[in-house]
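Residues per chain, in single letters:
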Amino acid sequence: TLDKFAGEVTAKLVGNASAEAPAGAVSAIDHNDVPPDEHVILERTDRNATHVWEEKAPVSVARGAHATVALNGMLYAIGGGTSGSNPFASVEKYDPVSNQWTNVASLSEPRHHATATVFGGKIYAIGGGGNYLSTVEAYDPSSNTWESKAALPYGVRQAASVTLGDRVYLIGGETSTNTSTNKTLEYDPVSNVWTEKAAMNHSRYGLRAAVLNGKIYAVGGREGSTFMNYVEEYDPATNIWTVRPSL
């Protein structure tokens, strides 16, 4: 990439000599050298990265439609199943240091297509199937136990959930076969109460959600056989969903 540098600097670099960079130029220095005054340092941090996927230890039981979260340096695979009529209650924990999966306490009831999020050092498993579940349970890794929490006002699976601030949000989902909802629910873990908030502009299930800069983004999803490219942004401060550019 020497062609990207100013000519005078390139000549010095090729000659492996020190140079005083002209104004506005980019200089390359050894990793251990002290940078010149009034320079901004941009350091490459992926020097040891391979950018290659590496296969890790498999889960003990093949499963799909499960929920996955990270907590305290561990990954958790929660529920799921091998078919719609065979949901799992089992939960496995993965230690990336030892590259091992370990079974932990099972869910109180089997569920696939549930959604899960982390709040206050606990994992919340929400809704799912076999049937359309309204139940919610929280896992405490310190005691290896699941505890029932306030139920949803309706059964739902294939919803999305996120944690933002001191609240948990449940977004969209499938409430009966091929029928979706645009509802948004907010959960207060302290009072153990679900509250309905503003609905999305588009009903959908199988969507994904993420938090960015204090707002929630709902991305994609489907309604029956129709797959969607919609993107919406929720601001909890105003309780408003705003349509953003589609995928």
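See the structure above.
Residues numbered from 1 in each chain as written. Predicted model: local features only at pLDDT ≥ 70, side-chain atom pairs only at ≥ 80, totals over all residues. Heavy atoms only, no water.

**Student:** What's the story with the overall build of the protein chain in this structure? I'm lost.
**Tutor:** A count of helices and strands for the protein chain gives 1 helix and 20 strands. Burial statistics for the protein chain: of 247 residues in total, 36% are counted as buried. A sequence separation of at least 24 residues applies to 39% of the contacts in the protein chain between residues at least 6 apart. Only carbon and sulfur atoms are counted for the fraction: they give 50% of the accessible area of the protein chain, which is about 14,100 Å². (Helix = DSSP H or I, 4+ residues; strand = E, 2+ residues; numbered from the N terminus. Buried < 20%, exposed > 50% of the residue type's maximum accessible area, 1.4 Å probe, protein only. Contact = heavy atoms within 4.5 Å. Areas by Shrake-Rupley, 256 points an atom, 1.4 Å probe, with all protein chains shown as cover.)

**Student:** So what exactly am I meant to see when it comes to the nonpolar core here?
**Tutor:** A general trend in soluble globular proteins is that nonpolar side chains are found buried together. Ranked by size, the top nonpolar core spans 16 residues in total, and within it Y76, I78, V91, L107, I123, Y139 and W146 carry the most contacts. Of all the secondary-structure elements, those providing two or more residues to this core are β1 (67–71), β2 (74–78) and β6 (122–126). Excluding anything up to four places from it in sequence, I123 contacts V69, L71, Y76, I78, A116, T117, V118, E137, A138, Y139 and W146. (Core = buried A, V, L, I, M, F, W, Y, C linked by side-chain atoms within 4.5 Å.)

**Student:** What exactly am I supposed to notice about unusual backbone geometry here?
**Tutor:** Leaving glycine out, the prevailing phi sign among residues is negative, and the prevailing peptide bond configuration is trans. Residues G129 and G130 are joined by a peptide bond in cis, for which omega reads 0°. Despite not being glycine, N192 shows a phi value in the positive range, around 60°. For N192, the location among the structural elements is in the loop between β13 (184–188) and β14 (193–197). Here N213, not a glycine, exhibits a phi torsion of approximately 55°, which is positive.

**Student:** Before we go on, may I ask you to explain the pairing of strand β15 (residues 208–212) in this structure?
**Tutor:** The side chains of a regular strand alternate, residue by residue, between the two faces of the sheet. Relative to strand β16 (residues 215–219), β15 runs antiparallel, the two sharing 5 bridges. From the neighbouring strand, A209 faces β16, where its bridge partner is A218. Hairpin remark: β15 followed by β16, antiparallel, with 2 residues in the connecting loop; positive phi at N213, about 55°. (Pairing = 2+ DSSP bridges.)

**Student:** Just checking my understanding: could you explain the pattern of salt bridges for this structure?
**Tutor:** Side chains that differ in sign of charge can pair as their charged atoms come close. Inspection of the entire model under this criterion finds 12 salt bridges. For R111, the salt bridge identified is with E137, shortest N-O distance 2.8 Å. In this pair, R111 is assigned in the loop between β4 (100–104) and β5 (115–119) and E137 in strand β7 (residues 136–140), connecting sequence segments 26 residues apart. Note that R167 is salt-bridged to D188, the shortest N-O span being 3.6 Å. Linking R167 in strand β10 (residues 167–171) with D188 in strand β13, this pair joins segments that are 21 residues apart in sequence. For D188, a relative accessible area of 16% corresponds to the buried category. Each of the salt bridges in this network shares a partner with another, and the network as a whole consists of D166, R167, E186 and D188. (Salt bridge = Lys/Arg side-chain N within 4 Å of Asp/Glu carboxyl O.)

**Student:** So what exactly am I meant to see when it comes to the sheet that holds strand β20 (residues 240–244) here?
**Tutor:** Working definition: the strands of a sheet are paired by backbone hydrogen bonds and lie parallel or antiparallel to each other. Read from one edge of the open sheet, 4 strands run β15-β16-β19-β20, paired in antiparallel fashion. The open sheet is flanked by β15 and β20, the only strands paired with a single partner. Sheet twist, expressed as the mean angle between neighbouring strand axes with direction ignored, is 25°. The pairing of β16 with strand β19 (residues 231–235) spans 4 bridges and is classified as antiparallel. Considered in β19, the bridge of Y217 is made with E233. (Axes fitted to C-alpha atoms, helices over the stretch in contact; angles between N-to-C directions.)

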